[in-house]
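# Chains, contacts and geometry: an overview
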Amino acid sequence: MASINNAYAGLSGNYLFSEVARRVSAYRQKHPETEVISLGIGDVSQPMIPAVIRALHKAVDEMACAETFRGYGPEQGYGFLREAILNHDFLPRGVNIRAEEIFISDGAKSDIGNFQELFGEDAVIALTDPVYPVYEDSNAMAGRAGTRENGRWNRIVYLPCTAANAFQPDLPSVRPDVIYLCSPNNPTGTVLDRSSLTAWVNYAREKESVILFDAAYEAFIQDDSLPRSIYEIPGADEVAVEFRSLSKTAGFTGLRCGYAVVPEKLTARTKDGRLLSLHDMWLRRQCTKYNGCPYIVQRAAEAVFQPEAGEELAAALAVYRDNARIMLDAFRRMGLSAFGGVHSPYVWLQTPKAMPSWDFFDLLLERAAVVCTPGAGFGVSGEGYARFTAFNSPENTKKALERLEKAL
Ligand SMILES: *Cc1c(COP(=O)(O)O)cnc(C)c1O
């Protein structure tokens, strides 16, 4: 019999969303007549914008003619898309990266899950808590997390983000090799401000750590003074990788496209102390294990970055923004403490009287037939919170909040 990667044996099950589904289905069996409304949805619901659909049709037709057919493309993505991203996302904000530093992929989750391969098996990883589980699990799968006790791995450095520190994580006392940051944050919906992000970049420069910055929700930022890219902070191009995605920005959760920025100046050390370029290593990795994002998808993505698409994209995002604002207003009327929801589709609610988050989940389901996501499922520091998403329809969101105002 083949022996396995033993790290998989130590993983915790995908408990959070399966447990939510189990409890909802038990409730439905007991109350078949009641309509359950989910404010736990983690997927966008607005259709893709017309500009993207047109680009898709055109690219599909190109595949039907020998003259315009495309086979294997460059592993790191077509130049037309890398240039479009550079001109739309980075140059207007004064970020001087180059198109060659942008790697196109089938989404940020794969990039984030894969990138840890470039680090040593003994690298120390720091994560914010609560956390998007991919950072933690991908390192656990690589055998870098140690053993798990009371919901935490003993080799991972956790950076609590709670109301007590206004969701701006404190610098760690133990030096990590790799630091995962996510802003705007999933699940808390809060944003790292310029001074926090600057402190992290300076810390990483001083300690020779690498920051893996997840900016999947940057399109939701409404305040122009907040950083959208970590490269807006001077010196970040020597210490940070940035991951972005069209999933939440433009409804690509099903179509699949994302990109990673790996600057040429970014280096890390071999065991014997030599500096190697993470850019060159990532290129080598992608060329070996990946054959590129589909041509038609890259053409669809290109359409997202054209100025003409701006209004259509903004209209789709406005639906989620309005839902989030309505949620925030309702929770505050109820006298509850709610965070996030302004530069993000997520509202992070403090449970009343510090109620455990699974008890709060059950209470909302029983009294209002409304589904949230218990904060404890995202990490130890998520206990006492619940995540609400803005991805349901405006009608359902309003209806759910009316029920909650009556029930709580
Ligand atoms: C949705 C999401 C992503 C994007 O994932 P894709 O694979 O591009 O769909 C990345 N990071 C976080 C925190 C997310 O919530």
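Residues numbered from 1 in each chain as written. Predicted model: local features only at pLDDT ≥ 70, side-chain atom pairs only at ≥ 80, totals over all residues. Heavy atoms only, no water.

## Comments concerning empty space enclosed by the protein
By the definition in use, this model includes two cavities of 30 Å³ or more. In this model, the largest cavity occupies a volume close to 80 Å³. Along the walls of the largest cavity sit Thr128, Cys161, Phe167, Pro169, Leu181, Cys182, Ser183, Asn185, Thr188, Thr190, Val191 and Leu192, which together make up its complete lining. Its residues placed into classes, the lining of the largest cavity shows seven nonpolar, five polar and no charged. (1 Å grid on protein atoms, 1.4 Å probe; cavity = no way out; pocket = protein on both sides within 12 Å on 5 of 7 lines; lining within 4 Å. Points joined across faces, edges and corners; volume = space filled by probe spheres on them. Nonpolar A, V, L, I, M, F, W, Y, C, P; charged D, E, K, R; others polar.)

## What about the pattern of salt bridges?
Within the structure shown, the criterion is met by 29 salt bridges. Residue arginine 175 is joined to aspartate 177 by a salt bridge in which the shortest nitrogen-to-oxygen separation is 3.0 Å. The partly exposed category is assigned to aspartate 177, whose relative accessible area is 23%. Among the ionic contacts, a cluster of salt bridges with common partners joins Asp89, Glu218, Arg228, Glu242 and Arg244. (Salt bridge = Lys/Arg side-chain N within 4 Å of Asp/Glu carboxyl O. Buried < 20%, exposed > 50% of the residue type's maximum accessible area, 1.4 Å probe, protein only.)

## Side note on the nonpolar core
If you look at the biggest cluster of nonpolar residues, it comprises 56 residues, and the most contacted ones within it are Phe90, Ile102, Ile211, Ile230, Phe252 and Cys257. Ignoring sequence-local partners within four residues, the contact set of phenylalanine 252 consists of Met48, Val52, Leu246, Ser247, Cys257, Val297, Ala300, Ala301 and Val304. Among the nonpolar cores identified, the runner-up in size contains 48 residues, and Val36, Tyr217, Leu349 and Phe391 belong to it. (Core = buried A, V, L, I, M, F, W, Y, C linked by side-chain atoms within 4.5 Å. Contact = heavy atoms within 4.5 Å.)

## Brief notes about the sheet that holds strand E14 (residues 346–350)
The antiparallel open sheet is built from four strands, whose spatial order is E13-E14-E17-E16. This sheet does not close on itself; its edge strands, each paired only once, are strand E13 (338–340) and strand E16 (373–374). As paired elements, E16 and strand E17 (residues 385–389) share two bridges and run antiparallel to each other. By the bridge assignment, threonine 373 is partnered in E17 with arginine 387. (Pairing = 2+ DSSP bridges. Helix = DSSP H or I, 4+ residues; strand = E, 2+ residues; numbered from the N terminus.)

## Here we look at the site of the ligand
Neighbouring the ligand are 14 residues; Tyr217, Ser245, Ser247, Lys248 and Arg256 lie closest to it. Asparagine 186 places a side-chain nitrogen or oxygen 2.8 Å from an oxygen atom of the ligand. With respect to the ligand, the side chain of arginine 256 contributes an N or O atom lying 2.6 Å from an oxygen atom. Taking 390 Å² as the accessible area of the ligand by itself, protein coverage stands at 94%. Among the cavities detected, the one that contains the ligand is the largest pocket. Among the secondary structure elements, those contributing two or more residues to the shell around the ligand are helix H5 (108–115) and helix H8 (247–250). Taken together, the residues of the shell around the ligand break down into six nonpolar, four polar and four charged. (Near = heavy atom within 4 Å. Polar contact = N/O pair within 3.5 Å; in protein donor to acceptor, adjacent residues only side chain to side chain. Areas by Shrake-Rupley, 256 points an atom, 1.4 Å probe, with all protein chains shown as cover. Sits in = over half its atoms within 2 Å of the grid points.)

## Some words on the sheet that holds strand E8 (residues 210–214)
The seven strands are arranged E2-E10-E9-E8-E7-E3-E6 in an open sheet whose pairing can be described as mixed. Edge positions in the sheet fall to strand E2 (102–105) and strand E6 (156–160), since each of these pairs with one other strand and no more. Strand after strand, the sheet turns through a mean of 20° between neighbouring axes, direction not considered. Both E2 and strand E10 (residues 258–261) contribute to a ladder of four bridges, which runs antiparallel. Bridging across to E10, phenylalanine 103 finds its partner in alanine 260. (Axes fitted to C-alpha atoms, helices over the stretch in contact; angles between N-to-C directions.)

## Observations regarding helix H4 (residues 79–90)
An ideal rise of 1.5 Å per residue puts 16 Å on twelve residues; H4 measures up with 16 Å between its terminal C-alpha atoms. Within H4 the residues assigned to the buried category are Phe80, Leu81, Arg82, Ala84, Ile85, Leu86, Asp89 and Phe90. Buried residues belonging to H4 abut E2, strand E9 (240–245), E10 and helix H10 (295–304). (Expected span 1.5 Å × (residues − 1).)

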